[in-house]
Amino acid sequence: MRDIGIEMATGKYMMFVDSDDFLHPQTVELSVESIEAHQAQMAEFGFVRVSNDNVSRKSISFPEVEIIEGCTAIERCSNHVSWNKVYLRNLIEEHRLRFVHRCFEDTAFTRSYSLICDKAVFLHEPFYYYYINPQSTTSTFTIDNLTESIARAKNVIYVYLEH
(Lines give C-alpha, C1' and ligand atoms only; values in the text may rest on other atoms or scores of the structure.)
Protein backbone atom coordinates (compact mmCIF):
# COMPACT_ATOMS: atom_id res chain seq x y z
CA MET A 1 0.00 0.00 0.00
CA ARG A 2 2.80 2.45 0.79
CA ASP A 3 4.29 1.93 -2.65
CA ILE A 4 0.96 2.89 -4.20
CA GLY A 5 1.04 6.07 -2.12
CA ILE A 6 4.57 6.83 -3.37
CA GLU A 7 3.44 6.34 -6.97
CA MET A 8 0.43 8.63 -6.54
CA ALA A 9 2.08 11.35 -4.44
CA THR A 10 2.53 14.80 -5.94
CA GLY A 11 3.55 16.93 -2.96
CA LYS A 12 6.99 17.92 -1.68
CA TYR A 13 6.83 15.82 1.50
CA MET A 14 5.73 12.28 2.37
CA MET A 15 4.67 10.47 5.53
CA PHE A 16 3.60 6.89 6.11
CA VAL A 17 1.01 6.63 8.90
CA ASP A 18 -0.32 3.19 9.85
CA SER A 19 -4.11 2.95 9.68
CA ASP A 20 -4.53 2.14 13.40
CA ASP A 21 -2.21 4.92 14.63
CA PHE A 22 -2.78 8.66 15.01
CA LEU A 23 -0.81 11.91 15.02
CA HIS A 24 -0.68 15.05 17.13
CA PRO A 25 -2.54 17.79 15.18
CA GLN A 26 0.65 19.86 14.66
CA THR A 27 2.90 17.02 13.51
CA VAL A 28 3.11 17.95 9.84
CA GLU A 29 3.31 21.70 10.44
CA LEU A 30 6.15 21.50 12.98
CA SER A 31 8.06 18.83 11.07
CA VAL A 32 7.97 20.76 7.80
CA GLU A 33 8.95 24.00 9.58
CA SER A 34 11.98 22.24 11.08
CA ILE A 35 12.99 20.66 7.77
CA GLU A 36 12.81 24.02 6.01
CA ALA A 37 14.46 26.04 8.80
CA HIS A 38 17.47 23.70 8.86
CA GLN A 39 17.48 22.71 5.17
CA ALA A 40 17.16 19.08 6.18
CA GLN A 41 15.89 16.12 4.16
CA MET A 42 14.07 14.32 6.95
CA ALA A 43 12.31 15.03 10.23
CA GLU A 44 11.97 12.32 12.83
CA PHE A 45 9.88 12.75 15.97
CA GLY A 46 9.19 10.86 19.17
CA PHE A 47 6.30 8.49 19.68
CA VAL A 48 4.25 6.88 22.42
CA ARG A 49 2.78 3.41 22.44
CA VAL A 50 -0.97 3.02 22.80
CA SER A 51 -2.85 -0.17 23.69
CA ASN A 52 -6.52 -0.70 24.46
CA ASP A 53 -7.14 3.07 24.40
CA ASN A 54 -4.45 3.67 27.05
CA VAL A 55 -1.47 5.83 26.20
CA SER A 56 1.75 4.34 27.53
CA ARG A 57 3.86 6.59 29.77
CA LYS A 58 6.92 5.17 28.05
CA SER A 59 7.90 7.44 25.19
CA ILE A 60 10.85 7.70 22.90
CA SER A 61 11.90 11.27 22.43
CA PHE A 62 14.73 13.45 21.24
CA PRO A 63 16.21 16.75 22.45
CA GLU A 64 14.31 19.96 21.49
CA VAL A 65 15.50 19.95 17.88
CA GLU A 66 18.66 18.05 17.22
CA ILE A 67 20.31 18.45 13.83
CA ILE A 68 22.29 15.47 12.56
CA GLU A 69 24.48 15.71 9.48
CA GLY A 70 26.06 12.99 7.37
CA CYS A 71 24.45 9.75 6.31
CA THR A 72 26.45 7.60 8.74
CA ALA A 73 25.42 9.75 11.72
CA ILE A 74 21.78 9.74 10.64
CA GLU A 75 21.88 5.97 10.14
CA ARG A 76 23.17 5.50 13.70
CA CYS A 77 20.71 7.92 15.34
CA SER A 78 17.50 7.13 13.52
CA ASN A 79 15.14 4.37 14.56
CA HIS A 80 14.19 2.25 11.59
CA VAL A 81 10.45 2.57 11.36
CA SER A 82 8.90 4.63 8.60
CA TRP A 83 5.91 6.01 10.48
CA ASN A 84 7.50 8.67 12.72
CA LYS A 85 9.18 10.63 9.97
CA VAL A 86 8.58 13.20 7.25
CA TYR A 87 10.55 12.60 4.05
CA LEU A 88 11.32 14.57 0.90
CA ARG A 89 9.44 12.96 -1.97
CA ASN A 90 12.07 13.94 -4.56
CA LEU A 91 14.75 11.88 -2.73
CA ILE A 92 12.46 8.87 -2.62
CA GLU A 93 11.75 9.20 -6.35
CA GLU A 94 15.33 10.04 -7.38
CA HIS A 95 16.66 6.88 -5.68
CA ARG A 96 13.61 4.74 -6.52
CA LEU A 97 13.11 3.73 -2.89
CA ARG A 98 10.21 1.38 -2.26
CA PHE A 99 8.89 -0.91 0.46
CA VAL A 100 10.20 -4.13 -1.04
CA HIS A 101 8.70 -6.79 1.21
CA ARG A 102 5.59 -7.13 3.31
CA CYS A 103 7.11 -8.10 6.67
CA PHE A 104 9.30 -5.56 8.53
CA GLU A 105 9.42 -3.52 5.32
CA ASP A 106 10.16 -0.28 7.20
CA THR A 107 13.71 -1.25 8.09
CA ALA A 108 15.08 -1.50 4.54
CA PHE A 109 13.26 1.64 3.42
CA THR A 110 14.34 3.87 6.32
CA ARG A 111 17.92 2.59 6.35
CA SER A 112 18.18 3.22 2.61
CA TYR A 113 16.71 6.71 2.98
CA SER A 114 19.03 7.59 5.86
CA LEU A 115 22.03 6.57 3.74
CA ILE A 116 21.13 9.12 1.04
CA CYS A 117 20.08 11.84 3.47
CA ASP A 118 22.67 14.52 4.26
CA LYS A 119 20.87 16.24 7.14
CA ALA A 120 17.99 15.31 9.43
CA VAL A 121 16.17 17.02 12.29
CA PHE A 122 15.04 15.09 15.33
CA LEU A 123 12.13 16.64 17.24
CA HIS A 124 11.80 15.73 20.90
CA GLU A 125 8.01 15.82 21.02
CA PRO A 126 6.14 12.50 20.86
CA PHE A 127 3.91 13.43 17.91
CA TYR A 128 3.07 9.87 16.83
CA TYR A 129 0.75 7.51 18.71
CA TYR A 130 1.60 3.93 17.83
CA TYR A 131 -1.14 1.36 18.50
CA ILE A 132 0.19 -1.96 19.77
CA ASN A 133 -1.74 -4.65 17.89
CA PRO A 134 -1.20 -8.12 19.40
CA GLN A 135 -1.99 -9.69 15.99
CA SER A 136 0.53 -7.63 14.01
CA THR A 137 3.50 -9.06 12.11
CA THR A 138 5.95 -7.70 14.66
CA SER A 139 4.02 -9.37 17.49
CA THR A 140 3.84 -12.74 15.72
CA PHE A 141 7.44 -13.22 14.56
CA THR A 142 8.28 -16.37 12.53
CA ILE A 143 11.30 -17.82 10.73
CA ASP A 144 9.72 -16.70 7.42
CA ASN A 145 9.75 -13.13 8.73
CA LEU A 146 13.44 -13.49 9.51
CA THR A 147 14.15 -14.78 5.99
CA GLU A 148 12.37 -11.76 4.51
CA SER A 149 14.31 -9.47 6.84
CA ILE A 150 17.62 -10.87 5.56
CA ALA A 151 16.50 -10.30 1.96
CA ARG A 152 15.77 -6.66 2.80
CA ALA A 153 19.22 -6.28 4.35
CA LYS A 154 20.70 -7.12 0.95
CA ASN A 155 18.77 -4.19 -0.55
CA VAL A 156 20.17 -1.82 2.08
CA ILE A 157 23.70 -3.00 1.34
CA TYR A 158 23.11 -2.29 -2.37
CA VAL A 159 22.01 1.31 -1.61
CA TYR A 160 25.01 1.77 0.69
CA LEU A 161 27.45 0.52 -1.95
CA GLU A 162 25.92 2.89 -4.53
CA HIS A 163 26.78 5.87 -2.32
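Residues numbered from 1 in each chain as written. Predicted model: local features only at pLDDT ≥ 70, side-chain atom pairs only at ≥ 80, totals over all residues. Heavy atoms only, no water.

Novice: When you look at the side chain of serine 82 in this model, what are you seeing that I'm missing?
Specialist: Mapped onto the elements of the fold, serine 82 is located in the loop between helix H3 (71-77) and strand S6 (85-88). The exposure class assigned to serine 82 is buried, which follows from its relative accessible area of 0%. Filtering out sequence-adjacent residues up to four positions away, serine 82 remains in contact with Arg2, Phe16, Tyr87, Phe99, Asp106 and Thr110. (Helix = DSSP H or I, 4+ residues; strand = E, 2+ residues; numbered from the N terminus. Buried < 20%, exposed > 50% of the residue type's maximum accessible area, 1.4 Å probe, protein only. Contact = heavy atoms within 4.5 Å.)

Novice: Would you mind showing me how to read the packing of aromatic side chains here?
Specialist: Both the distance between ring centres and the angle between the ring planes are used here to describe each pair of aromatic rings. In this structure the tally under the stated criterion is 11 aromatic pairs. Ring geometry for phenylalanine 47 versus tryptophan 83: centroids 4.8 Å apart, planes at 85 degrees, classification edge-to-face. Of this pair, phenylalanine 47 sits in strand S3 (residues 42-51) while tryptophan 83 sits in the loop between H3 and S6; the two residues are 36 residues apart in sequence, bridging distant segments of the chain. Where tryptophan 83 meets tyrosine 130, the ring centres are 4.6 Å apart and the plane angle is 20 degrees; that geometry is what we call stacked. (Phe/Tyr/Trp six-rings, centres within 6.5 Å; stacked < 30°, edge-to-face > 60°.)

Novice: Any chance you could explain the nonpolar core here in plain terms?
Specialist: Note on soluble globular proteins: their nonpolar side chains tend to be buried together. In this structure, Ile6, Phe16, Met42, Tyr87, Ile92, Phe109 and Tyr113 are the most contacted members of the largest nonpolar core, which totals 18 residues. Put simply, the parts of the chain that give this core at least two residues each are S6, helix H4 (89-94), helix H5 (105-116) and strand S7 (119-131). With 3 residues, the single largest contributor to this core is H5. The contacts of phenylalanine 16, once residues within four sequence positions are left out, are Arg2, Ile6, Ser82, Trp83, Tyr87, Ile92, Phe99 and Phe109. (Core = buried A, V, L, I, M, F, W, Y, C linked by side-chain atoms within 4.5 Å.)

Novice: Can you walk me through the environment of valine 50 in this structure?
Specialist: Structurally, the position occupied by valine 50 is in strand S3. Valine 50 sits in the buried class, given a relative accessible area of 6%. Measuring from C-alpha to C-alpha, the distance between valine 50 and tyrosine 131 comes to 4.6 Å, with 81 residues separating the pair along the chain.

Novice: Looking at this model, I keep getting lost on a nonpolar patch on the surface. Mind explaining?
Specialist: Nonpolar side chains collect at one region of the surface, where Met1, Ile4 and Met8 lie side by side and expose about 430 Å² of accessible area between them. Structurally, methionine 8 is set in helix H1 (residues 2-8). (Patch = residues over 30% accessible without salt bridge, like charges linked within 9 Å, V, L, I, M, F, W, Y side chains within 5 Å. Areas by Shrake-Rupley, 256 points an atom, 1.4 Å probe, with all protein chains shown as cover. Salt bridge = Lys/Arg side-chain N within 4 Å of Asp/Glu carboxyl O.)

Novice: I would appreciate a short explanation of the confidence of the model for the protein chain in the present structure.
Specialist: When pLDDT drops low, the exact placement of atoms in the prediction is not to be read closely. The predicted model of the protein chain averages 80 in pLDDT, with 72% of residues at 70 or higher. Across residues 57-61, confidence stays below pLDDT 50; counting only partners more than four residues off in sequence or on other chains, it has 10 contacts. (pLDDT = per-residue confidence, 0-100.)

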